Amino acid sequence: MKKNIASVDVSGKKVFVRVDFNVPIEDGKITDDRRIRSALPTIKSIIDRGGKAILASHLGRPEGTGYEAEFTLAPAAKRLGELLGKPVGFPSQDAIDAASDAAVAAMNNGDVLLLENVRFHKAEKKGDAAFAAKLAHGADVYVNDAFGTCHRPEASMVAVPKSMTGKPKVVGFLVEKEVKFLSGAISAPTKPFVVVLGGAKVSDKMACIDNLLPKADHIIIGGAMAYTFLRALGKKVGSSRVEEDRIADAKKTLDLAAKLKCELHLPVDHVCNTQFSEHGDIEVFDGDIKDGYMGLDIGPKTQTKYALLIAKAKTVVWNGPMGVFEMSPFAVGTKSVARAMVDATKKGATTIVGGGDSAAAVEQMHLAEGFSHVSTGGGASLEMLEGKKFESVELLDNA
Ligand code: ADP
Ligand code: MG
């Protein structure tokens, strides 16, 4: 357990908080503010106790050669101000220039300030120590509440806390909650433990499967990744997305699952189309997929089978949609898994959604409230399920 910001006296202190405000923005408008809302408990805990909250985040992938309007955090500062009901300072187009320094120096107790996108400096990605020392702005306390970035050893995640020798370095409420759910699920899951995996690429999820095989009772597979496994079993998958160079790995995983007595379930029927589109000739195939057709969602029999397995579970972890949920004819499988998990939650199961697209799908279906936990970190949650440790969390003070 890492020390939490709640147990640090922050009154009158400068508290550097690494948040993850990397939110989707279209035409200057934030389309999903979940990551900002998720940071509120930490920010409020600091300012309500008279601390000065200096927030830092990245947004998108700018060049790293200075300000770019497309990647400004200005909309996030505005949204945070609305959510807090008080002004949020946003001093400059550069997180470490004189204007930022002056704004930090002028803060009163209880103030909140957001520095501009830290990735406007190449030094952020490089984890540069000199940049980190400037970015810290002489803060007295370091808080990591940026779960979505915890798997990245960038300057604001690692070099900043390292530069603050002898000062408290702690987790915020969001990181604490994410780590508790994700590491709890894999280290001591209440059984039966069911893992649901889907999404675009089997290669993205191989390490996750291998780590969870010894722990899970059932691994349920959907999405495009199912077709590489079905090919490994010699099934006909038409023009479905297959990663040819991973068929051998899929075979090994199937063998390992059998040896470990972990049941690995693959779709038995498929919603298919002649093209990657909502239009065309949509047909359901039982078993083999006809030539010229590609699987874009799990079929009705598979949906029922998976829902029954989820209904019996006491712990469910889900990463990756069951089909191309962005197109409504292929969203049914993802929706049925989500509904089964919501029902399981009501019956006392612990249900966790990780993965950026899966979390977005759940939000889009207005079902997020029905899960025990919906992670704010796509890549970070997947790496936790792979069993990796994060330097950005490890280096923090123990409770
Ligand atoms: P997550 O972000 O939840 O980890 P991924 O990024 O691995 O999920 O995969 C999400 C993508 O997988 C979605 O954009 C979805 O359209 C795609 N996908 C799911 N099933 C299929 C399929 N059968 N064929 C092609 N793409 C698929
Ligand atoms: Mg994704």
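The structure contained in this document is the topic of the report that follows. Note that the structure is a prediction, hence the values are computed from the model and not measured.

Turning to the nonpolar core, a few remarks are in order. If you look at the biggest cluster of nonpolar residues, it comprises 72 residues, and the most contacted ones within it are Leu135, Ile209, Ile219, Ile221 and Phe229. Per-element tally for this core: the top contributor is helix H10 (residues 225-232), with six residues.

Here the focus is the pairing of strand S6 (residues 141-145). Most of S6 is tucked away: five of the five residues are buried. Burial along S6 is two-sided: Val141, Val143 and Asp145 and Tyr142 and Asn144, pointing in opposite directions, are all buried. Across five bridges, strand S1 (residues 14-19) lies against S6 in parallel orientation. Bridging from a neighbouring strand, Phe16 pairs with Tyr142 of S6. Where S6 lies against strand S7 (residues 169-171), three bridges are found, and the strand directions are parallel. Counterpart to Tyr142 in the pairing with S7 is Lys169.

The subject of this paragraph is the sheet that holds strand S4 (residues 52-56). Pairing is parallel in the open sheet, where five strands are placed in the order S5-S4-S1-S6-S7. The sheet is open, and its two borders are formed by strand S5 (112-114) and S7, each paired with just one other strand. For this sheet the average axis-to-axis angle between neighbouring strands, irrespective of direction, equals 25 degrees.

Under the definition given, this model contains 17 salt bridges. Between Arg79 and Asp33 there is a salt bridge, with the nearest N and O atoms lying 2.8 Å from each other. Linking Arg79 in helix H3 (residues 74-84) with Asp33 in the loop between strand S3 (29-30) and helix H1 (34-38), this pair joins segments that are 46 residues apart in sequence. Through salt bridges with shared partners, a single ionic network connects Asp33, Arg37, Lys78, Arg79 and Glu82.

Here the focus is unusual backbone geometry. Residues Lys191 and Pro192 are joined by a peptide bond in cis, for which omega reads -5 degrees. Mapped onto the fold, Pro192 is located in the loop between helix H8 (173-187) and strand S8 (193-197). The phi angle at Asp27 is positive, at roughly 50 degrees, despite the residue not being glycine. Within the element layout of this structure, Asp27 appears in the loop between strand S2 (25-26) and S3. The class for Asp27 is exposed, based on a relative accessible area of 81%. With a phi angle near 60 degrees, His366 is a residue other than glycine that sits in the positive phi range. Take His366: it is sitting in the loop between helix H14 (356-364) and strand S16 (373-374). Residue His366 is classed as exposed on the basis of its relative accessible area, which comes to 73%.

In the neighbourhood of ligand 1, 19 residues make up the surrounding shell, with Lys205, Gly295, Glu326, Asp357 and Ser358 lying closest. Contact between ligand 1 and Ala224: a nitrogen atom at 3.3 Å from a main-chain N or O atom of the residue. One nitrogen or oxygen atom from the main chain of Gly295 is found 3.0 Å from a nitrogen atom belonging to ligand 1. When the free accessible area of ligand 1 is taken as 580 Å², the share hidden by the protein chains comes to 86%. Of all the secondary structure elements, the ones that give two or more residues to the shell around ligand 1 are strand S13 (294-298) and H14. The element contributing the most residues to the shell around ligand 1 is H14, with three residues. Classifying every residue of the shell around ligand 1 gives seven nonpolar, nine polar and three charged.

Criteria and cut-off values
- Residues numbered from 1 in each chain as written.
- Chains lettered and ligands numbered in written order.
- Predicted model: local features only at pLDDT ≥ 70, side-chain atom pairs only at ≥ 80, totals over all residues.
- Heavy atoms only, no water.
- Core = buried A, V, L, I, M, F, W, Y, C linked by side-chain atoms within 4.5 Å.
- Buried < 20%, exposed > 50% of the residue type's maximum accessible area, 1.4 Å probe, protein only.
- Helix = DSSP H or I, 4+ residues; strand = E, 2+ residues; numbered from the N terminus.
- Pairing = 2+ DSSP bridges.
- Axes fitted to C-alpha atoms, helices over the stretch in contact; angles between N-to-C directions.
- Salt bridge = Lys/Arg side-chain N within 4 Å of Asp/Glu carboxyl O.
- Near = heavy atom within 4 Å.
- Polar contact = N/O pair within 3.5 Å; in protein donor to acceptor, adjacent residues only side chain to side chain.
- Areas by Shrake-Rupley, 256 points an atom, 1.4 Å probe, with all protein chains shown as cover.
- Nonpolar A, V, L, I, M, F, W, Y, C, P; charged D, E, K, R; others polar.

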